[in-house]
Number of protein chains: 12
Amino acid sequence: MKILVINGPNLNMLGRREPPIYGSVAYDQLAALIQEWSGALAVSATVFQSNSEGQIIDAIQGAGQYDGIIINAGGYTHTSVAIRDALLSVGLPVVEVHLSNIFSREEFRKTSFISDIAVGVITGFGTESYHLGLIALYEHLKKKKHAEDKN
Amino acid sequence: MKILVINGPNLNMLGRREPPIYGSVAYDQLAALIQEWSGALAVSATVFQSNSEGQIIDAIQGAGQYDGIIINAGGYTHTSVAIRDALLSVGLPVVEVHLSNIFSREEFRKTSFISDIAVGVITGFGTESYHLGLIALYEHLKKKKHAEDKN
Amino acid sequence: MKILVINGPNLNMLGRREPPIYGSVAYDQLAALIQEWSGALAVSATVFQSNSEGQIIDAIQGAGQYDGIIINAGGYTHTSVAIRDALLSVGLPVVEVHLSNIFSREEFRKTSFISDIAVGVITGFGTESYHLGLIALYEHLKKKKHAEDKN
Amino acid sequence: MKILVINGPNLNMLGRREPPIYGSVAYDQLAALIQEWSGALAVSATVFQSNSEGQIIDAIQGAGQYDGIIINAGGYTHTSVAIRDALLSVGLPVVEVHLSNIFSREEFRKTSFISDIAVGVITGFGTESYHLGLIALYEHLKKKKHAEDKN
Amino acid sequence: MKILVINGPNLNMLGRREPPIYGSVAYDQLAALIQEWSGALAVSATVFQSNSEGQIIDAIQGAGQYDGIIINAGGYTHTSVAIRDALLSVGLPVVEVHLSNIFSREEFRKTSFISDIAVGVITGFGTESYHLGLIALYEHLKKKKHAEDKN
Amino acid sequence: MKILVINGPNLNMLGRREPPIYGSVAYDQLAALIQEWSGALAVSATVFQSNSEGQIIDAIQGAGQYDGIIINAGGYTHTSVAIRDALLSVGLPVVEVHLSNIFSREEFRKTSFISDIAVGVITGFGTESYHLGLIALYEHLKKKKHAEDKN
Amino acid sequence: MKILVINGPNLNMLGRREPPIYGSVAYDQLAALIQEWSGALAVSATVFQSNSEGQIIDAIQGAGQYDGIIINAGGYTHTSVAIRDALLSVGLPVVEVHLSNIFSREEFRKTSFISDIAVGVITGFGTESYHLGLIALYEHLKKKKHAEDKN
Amino acid sequence: MKILVINGPNLNMLGRREPPIYGSVAYDQLAALIQEWSGALAVSATVFQSNSEGQIIDAIQGAGQYDGIIINAGGYTHTSVAIRDALLSVGLPVVEVHLSNIFSREEFRKTSFISDIAVGVITGFGTESYHLGLIALYEHLKKKKHAEDKN
Amino acid sequence: MKILVINGPNLNMLGRREPPIYGSVAYDQLAALIQEWSGALAVSATVFQSNSEGQIIDAIQGAGQYDGIIINAGGYTHTSVAIRDALLSVGLPVVEVHLSNIFSREEFRKTSFISDIAVGVITGFGTESYHLGLIALYEHLKKKKHAEDKN
Amino acid sequence: MKILVINGPNLNMLGRREPPIYGSVAYDQLAALIQEWSGALAVSATVFQSNSEGQIIDAIQGAGQYDGIIINAGGYTHTSVAIRDALLSVGLPVVEVHLSNIFSREEFRKTSFISDIAVGVITGFGTESYHLGLIALYEHLKKKKHAEDKN
Amino acid sequence: MKILVINGPNLNMLGRREPPIYGSVAYDQLAALIQEWSGALAVSATVFQSNSEGQIIDAIQGAGQYDGIIINAGGYTHTSVAIRDALLSVGLPVVEVHLSNIFSREEFRKTSFISDIAVGVITGFGTESYHLGLIALYEHLKKKKHAEDKN
Amino acid sequence: MKILVINGPNLNMLGRREPPIYGSVAYDQLAALIQEWSGALAVSATVFQSNSEGQIIDAIQGAGQYDGIIINAGGYTHTSVAIRDALLSVGLPVVEVHLSNIFSREEFRKTSFISDIAVGVITGFGTESYHLGLIALYEHLKKKKHAEDKN
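Residues numbered from 1 in each chain as written. Chains lettered and ligands numbered in written order. Predicted model: local features only at pLDDT ≥ 70, side-chain atom pairs only at ≥ 80, totals over all residues. Heavy atoms only, no water.

Overview of the side chain of His78(J)
Definition in use: To qualify as a helix, a DSSP run of H or I must reach at least 4 residues; to qualify as a strand, a run of E must reach at least 2; elements of each kind are numbered from the N terminus. Any pair of nitrogen or oxygen atoms within 3.5 Å is treated as a polar contact; in protein, a donor-acceptor pairing is required on top of that, and neighbouring residues in sequence qualify only through side-chain atoms on both sides. The contact criterion used is simple: two residues touch if any of their non-hydrogen atoms lie within 4.5 Å.
With respect to the element layout, His78(J) can be found in the loop between strand S3 (68–72) and helix H4 (81–90). At 2.8 Å, the side chain of His78(J) and the backbone oxygen of Thr111(J) are in polar contact. When near neighbours in sequence (up to four residues on either side) are disregarded, His78(J) contacts Val81(A), Phe108(J), Arg109(J), Thr111(J) and Phe113(J).

Next comes the structure, spelled out in structure tokens:
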């Protein structure tokens, strides 16, 4: 099982960026945790980060070899139709995650162009959101495979 | 660690209720799964369900002995200020879960009176949402206890 | 043919309640009229009333033995996602009725969480709305049975 | 008792027009059914159809000899202040009917310029909506006459 | 100086139509008054009425021989882009008049598709609105002619 | 017959103020024209102007000796509940006038706190709006007196 | 003079519930204060509390023996058409009170389904709001009785 | 204890102004009542009225010698950011009062620029609103002094 | 291949009507151009124009013999649910065209009741829009026929 | 005549991307078709695609050597003020094209930051939209050149 | 070069008024600073302050002798059409300044009736906003004079 | 003191881009002017421009060595949550500048995702906006340093 974890703009600033909101774990530590959690699930995870909307779209388009995508599109979550279209274009199961609780912040963070096309959304648990996202996607893919095997 | 799992209106219909949206697992099976998942985390979970807004508020008010609440308030999620106020009145950490992806359904399901006062939200993963919610609340409480022990 | 007639909050006050809007027929008289009209259609009708949203949901969930539901959810019409979900959970044909013309009153009465999932809506004809509702549901069920018999 | 039944634009296409929404009964059959139902109530009904907003207004203005109006204004329901004004100008009791359930379709069909000035509204029961409308108007006129006789 | 006075739907019902709102002067009397008032200004007025949006557009398109238009488009005021376009297509000065005060009635009467392309608007003075409209258009045309003579 | 003509803020700048919108007639000339037009109607008119909302309210409150009010509240038209309340407090017939066509300008000029409590509104005819306003109020008062004499 | 004081959901948590917003007086103390204040006015007060919308409606419907109602509907203030309808159904004078200033909190607390049908509203003075409410209702009932005695 | 009572535009018209809404007590009587009520509380009250927004701001700015303000800003309640800013600039406790129930009138009266910065709001009890306002402010100041004395 | 080209209100004024917006080609010339362009595609085109909404609906309903419709509904584009319903009732492929760029004009021209049920939309190219519309419909019908032949 | 054809994000996925919406023609085939269609018009076309908003802006800024632009900005159509500004900065005629009918999809696709500054818009005809766009731009440029030659 | 600096309501409270928002510089100090900054630019500045909307309008109307206006209209910024009209009536270049950052405060402070008719806006730099405003207006007037001298 | 000046998309087109809006100074000249103005303040300024949202975010993230940021984010001002988040992530004082007066242009330019997190905003003064921005940031940093030195 191969999973692509996509991190959008400013996530590379993790640890240094508004710690009361995003926590004090550094981005490299998050990447390492994702590898650790994936390992525990026997899942192969690739972690990608970019500040550029175009590069994120490129990464999604190139995700043909993966079974699913975990995405924290950062600020692009609320503004990017193009990333939504890219996700739709590859047709893979998507899990949307956020470090902070986007519902207790500015009004404009309550709109996501990804949520309604994702399998599900996990928001507010800090780095743990990624851990939960990995489990969620893993379980979803297992169930999906099980259903396909049946037919 | 003691956790109260609150299920709102119509969740007792699980398995019989719109299966393409809510899945085919019966409510009793969900309750058993929650006990199983809790056991694996060495957490003691109480599962409560009611179709009555007032009884849900009573249950929340009586949650003094618990360390945290997982709530799927069903239809009341989108309409109940009173349940929000009850959650605020006990001051416990709350994790909001939903079986279906509320963002890909009717417009009115995109508003929640609980999300912005919760630690976080997990939505769209079927019964697995509860499993993720248990892990999320467990990790949150561990971190919280750790921080309290430090001070 | 068995039909469940559900009356929501304050309908028990009929006759005493704002007569220029709701008319002077008492609730007991309405219940008797419903029985009379049902009898004329050779339909067995059960009339239920409650001021409690939870009890209305309970009643809907327990409607397995009925062929269809006539509902006047009173004030809950405009605010209850939970009653909507209960109606969806049992999957029976629903006819929504109102005594008053909800379109010539306060703005908030123009929104119904039931209308779009009902077979149809009848509003504004006083107690006669129930009579029309019975005929409508009776004809709908006949046509439905006819179609099922054909296949 | 004389009743004018007004059918607005595209109702003449009944039977050929989007059958999953409007049913397979042809317009002529509907007209015959209305005569049959009226006969059973000993009511004299005139059925009028036009695709022209102006002609519908003309027909309403010329309704002086009728006791009441049943109107399915079709697409003009949602856009015509002029038809509303015509109905107000003759001051007759009006029953608004629709074949389809206008609340489960496009957003713009939820607005009616007729509903708040009608006695009541019946929507969603196919051709049966007209039958119910005839009964509703008949009962309304009987009650009205009864009240007038009393004074 | 030749002026075309256009009356929209239901104005032919004047006198019989909701007298507390529109007054008790009959339409024929209004037409006679317009002739009388025009005569006093030495203006030749043609009075036209139709319930049909299309015929009103035809009338406007054929207004080439007139110096200006007084229009009370009735219910079409609030809904007709096509009449607006017709008025723009002939490029004549337009004065919009209304019998009732459209600002103290239903919300939807506060929107006019004519007002912003008219020279001005006169509303609320009963039949006197037409008298004022005639004077207003007469003075506007005089001033316009004066300005053209100057250049 | 005594009429109070109230002019709000910046009307004293007439002639110097944005001539393409408000015309080139000076404020003194307008005041003289109002006297001339009133004289022709055998009406006694008092013309008042102030840039101060409070002084306009004072003037309205002191209008007990007048039979009616013509008001061009200028910019306060769109923002002053207090002037509306003052007009309501004296209970005199009010005619609202504007030099420019407020419907073809900025969006915020389309809202008036006076229109719905006035007898009627005249807008867009330059200084002629006042002339029409005088005739309108004069005719309204005559009709009112006539009706009162009758009773 | 008999008054029914109705307290909605979570008011039983008073003293323990968000003290910076609701104060530190316990619910029992509030109930005692209400009795004390009523005694001083020689008014007989019954204090009722429920977390259930249905039970609050029941209590209102059973208020036939009271002269007036003081209600703090808590979270139901902002969401319950059914409680509004119950208050309308008994036709008693209603005074709406709130402990906190609902206008300085979340946006959704600014809407009340009770305010426009109440005699008046008192909000923001902590437990003193009830004291003021008692005086207000007492004075209102005295004035009402005085007016009735006169006729 | 010294209290400044500020009355906004048109309150000087009390008794003569729309009595069904504002009652028949004259403004001078209200002023006398305020003195009487204040005397009973051993509070020194100054009553100020102005139709001018600027003078009201001046009065607020000069309120340094008072312990609190009771304000009925009349029509300015709904439109004046400047009065809000003046109240904020002096930092005194403010109680907002209204004679009429502003929630059962025009839509625009439901917005207040004062409510969210006031201690609380009292609306709908006629002149009694001021009495309640005096008690409310008196109790608030006592509690505040008590708390300050403690520290 | 037979195509019906429908032109709505005021298109007969082409050439004389606001030339900076609609161009200087006369309506007859446009009709001739359509014939010329159709000829080049070996398509038989019928060109219909009416100012009447009802006649346009009649024309659409009678389009049974055509393979597709090109429609420029003029002002009715933005207001007519009835024309939309007529187009839906015949079920033919529709291409919506406009002479002017409706997106760079008044706000209300941005709403079309036709666009979402059309194959596609062409707007802004003057008379060339019809040429493009013909090619578009021709290619669409060819592709459709090709697909049908295949099955 | 030189034309720049700009394709935005995800258009490189054509053929593989949601075929029921975007069709089964591959992006390379589309590019070849554009060359073929351009050749037939004796127009030199350059086709550019990028997933990056910045690169699209760069391409537009560098379009000095072209006579016009055809743009399908994909998801950026609905969100990019910066691309709009780039188009305005070069001042070339722009034709906006879309493969799918953006008016029959999600609500947010109905807003375009390009439409009102384009010559015109063509939407819904699959790859044929580009063909029509080429003809439209070609005819526009010919007409423009013709007009310039005249002066 | 002569500049009029207009300060609106509550600016005279500077230094005493909400210091965390408006700073601790007193109003007299600000006035002195403005003179100092003007002197450095060899500009003659007059500083005017009033709490009265009417007096501010008077001051603007009397600004004929000045070359430009710097205005901080305080609370009137967000509510006064009349001040906007006054500024338009004198036709001088206007620079709008604010001490606080109006975009990070209450929602209603984000609307200004002055911004779109000003040369530009400077907000958020405390008293320095006036310094920048002086430089900005000075540079604007120099450039304007330079352009006029050229022609 | 080191300042980073960030210019967003299309600012490199300055001088060639819509000169009536943005002026005729070329981008290189602006860059030189910024150096000149910085030099006069003894500030070291780095000027950066990019059309790419991602590169602008990169530049902001790399601004650790600067004391403050001046940003004109061009079209991204109105659409980029990601740039806002980047500015928040580095926590430096930000001054937002614009060449044109964004309040007198299209509606969508009135929304900025930067304004409420900036120290202040300067808009409308052409290239002078940058000069004022430099002074503003310089004074802000001086004051900040002064305050820090004090503690």
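Section: the side chain of Asn51(B)
Mapped onto the secondary structure, Asn51(B) falls in the loop between strand S2 (44–49) and helix H3 (53–61). Of note is the side chain of Asn51(B), whose polar atom sits 3.0 Å from the backbone nitrogen of Asn10(B). The residues contacting Asn51(B), other than those within four sequence positions of it, are Gly8(B), Pro9(B), Asn10(B), Asn12(B), Tyr76(B), Gly54(C), Ile57(C), Asp58(C) and Gln61(C).

Some points on helix H4 (residues 81–90) of chain C
One full turn of an α-helix is made of 3.6 residues, so residues set three or four places apart face in the same direction. Going by this rule: Remark: exposure states derive from per-residue accessible area (1.4 Å probe, protein chains only) relative to the maximum for the residue type, with buried under 20%, exposed over 50%, and partly exposed in between.
Most of H4(C) is tucked away, with eight of its 10 residues classed as buried. Those residues of H4(C) not exposed but buried are Val81(C), Ala82(C), Ile83(C), Arg84(C), Asp85(C), Ala86(C), Leu87(C) and Ser89(C). Elements that come into contact with the buried residues of H4(C) comprise helix H1 (19–22) of chain B together with helix H3 (53–61), strand S3 (68–72) and strand S4 (94–98) of chain C. Where H4(C) ends, the next residue or the one after it, Gly91(C), has phi of about 65°, a positive value.

Comments concerning the packing of aromatic side chains
Both the distance between ring centres and the angle between the ring planes are used here to describe each pair of aromatic rings. We apply this condition: Classification of ring pairs rests on two measures: the distance between centres of Phe, Tyr or Trp rings, Trp counted by its six-membered ring, which must be within 6.5 Å, and the angle between planes, read as stacked under 30 degrees, edge-to-face over 60 and tilted in between.
Enumeration according to the criterion identifies 18 aromatic pairs over all chains in this entry. Summarising the aromatic geometry, the rings of Phe103(G) and Phe103(H) are spaced 6.0 Å apart at their centres and angled 10° between planes, so their arrangement reads as stacked. Of this pair, Phe103(G) sits in the loop between strand S4 (94–98) and strand S5 (120–123) while Phe103(H) sits in the loop between strand S4 (94–98) and strand S5 (120–123), which puts the two residues in different chains. Under the relative-accessibility criterion, Phe103(G) is labelled buried at 10%.

With respect to the environment of Gly74(F)
By the element assignment, Gly74(F) lies in the loop between strand S3 (68–72) and helix H4 (81–90). Residue contacts for Gly74(F): discarding those within four places in its chain leaves Gly8(F) and Pro9(F).

A word on the interface of chain F and chain E
Size of an interface: often given as the accessible area lost when the parts come together. Using the following cut-off: Joining two parts hides part of their accessible area as seen by a 1.4 Å probe, and the buried area is that hidden amount summed over both. By salt bridge we mean one thing: a side-chain nitrogen of Lys or Arg within 4 Å of a carboxyl oxygen of Asp or Glu. Amino acid classes used here: Ala, Val, Leu, Ile, Met, Phe, Trp, Tyr, Cys and Pro are nonpolar; Asp, Glu, Lys and Arg are charged; the rest, including Gly, are polar. Note: two strands are recorded as paired if DSSP finds a minimum of 2 bridges between them.
Between chain F and chain E, the residue contacts involve 20 residues of the former and 20 residues of the latter. Roughly 1700 Å² is buried in total at the junction of chain F and chain E, and carbon and sulfur atoms are behind 66% of that figure. For the interface between chain F and chain E, the tally reads zero salt bridges. Breaking the side of chain F that touches chain E down by element, the ones donating at least two residues are strand S5 (120–123) and helix H5 (128–150) of chain F. Here the side of chain F that touches chain E gets six residues from one element, more than from any other, and that element is H5(F). Split by residue class, the side of chain F that touches chain E holds 10 nonpolar, six polar and four charged. Judged from the three bridges that link them, strand S5 (residues 120–123) of chain E and S5(F) form a sheet pairing that is antiparallel. The residue bridging Thr123(E) from the neighbouring strand is Val121(F), located in S5(F).

Considerations on the environment of Asn101(I)
Within the secondary structure, Asn101(I) is located in the loop between strand S4 (94–98) and strand S5 (120–123). Judged by its relative accessible area of 6%, Asn101(I) is buried. Counting along the chain gives 79 residues from Asn101(I) to Tyr22(I), while the straight-line C-alpha distance between them is 9.6 Å. Ignoring anything within four residues of it in the chain, the contact list for Asn101(I) reads Thr123(I), Gly124(I), Ser115(J), Asp116(J), Ala118(J), Val119(J) and Gly120(J). Within polar-contact distance, the side chain of Asn101(I) engages the backbone oxygen of Ala118(J) at 3.0 Å.

What about the relation of the copies chain F and chain E?
This is how it is decided: Alignment of copies: least-squares fit on C-alpha atoms of residues with pLDDT of at least 70 in both copies.
Expressed as a screw operation, the relation of chain F to chain E combines 0.0 Å of axial shift with a rotation of 180°, fitting to an RMSD of 0.0 Å. Such a combination of rotation and displacement between the chain copies is what one expects of a two-fold axis. Identified as the residue of chain F closest to the rotation axis by C-alpha distance is Ile122(F), at 2.3 Å. A share of 100% of the interface residues of chain F reappears at the interface of chain E, consistent with the copies meeting face to face through the same patch.

Considerations on the sheet that holds strand S5 (residues 120–123) of chain L
To keep things clear, this is the line we draw: Only the stretch in contact is used when fitting a helix axis, every axis being a line fitted to C-alpha atoms; angles between N-to-C directions are given from 0 to 180 degrees.
Reading across the sheet, the 10 strands line up as S2(K)-S1(K)-S3(K)-S4(K)-S5(K)-S5(L)-S4(L)-S3(L)-S1(L)-S2(L) and stay open at both edges, with mixed pairing between neighbours. Looking along the sheet, the strands with just one partner apiece sit at the ends: strand S2 (44–49) of chain K together with strand S2 (44–49) of chain L. Going from strand to strand, the sheet's axes swing by 20° on average, the running direction of each strand aside. Strands in contact with helix H2 (residues 27–40) of chain L are strand S1 (2–7) and S2 of chain L; relative to S2(L), the strand with the most contacts, it is inclined by about 160°.

Remarks on the sheet that holds strand S2 (residues 44–49) of chain H
Ordered by their spatial adjacency, 10 strands build an open sheet running S2(G)-S1(G)-S3(G)-S4(G)-S5(G)-S5(H)-S4(H)-S3(H)-S1(H)-S2(H), and the pairing between neighbours is mixed. Each edge of the sheet is formed by a strand with only one pairing partner; in this case those strands are strand S2 (44–49) of chain G together with S2 of chain H. Neighbour to neighbour, the strand axes of the sheet diverge by 20° on average, direction disregarded. Docked against the sheet, helix H5 (residues 128–150) of chain H engages S5 of chain G together with strand S1 (2–7), strand S3 (68–72), S4 and S5 of chain H, running at close to 155° with respect to S3(H).

Details of the confidence of the model for chain A
The line we're drawing: Confidence scores per residue from the predictor, reported as pLDDT, run from 0 to 100.
Looking at chain A as a whole, its pLDDT mean stands at 96, while 100% of the residues score no less than 70. Here the predicted complex scores 0.96 on pTM and 0.96 on ipTM.

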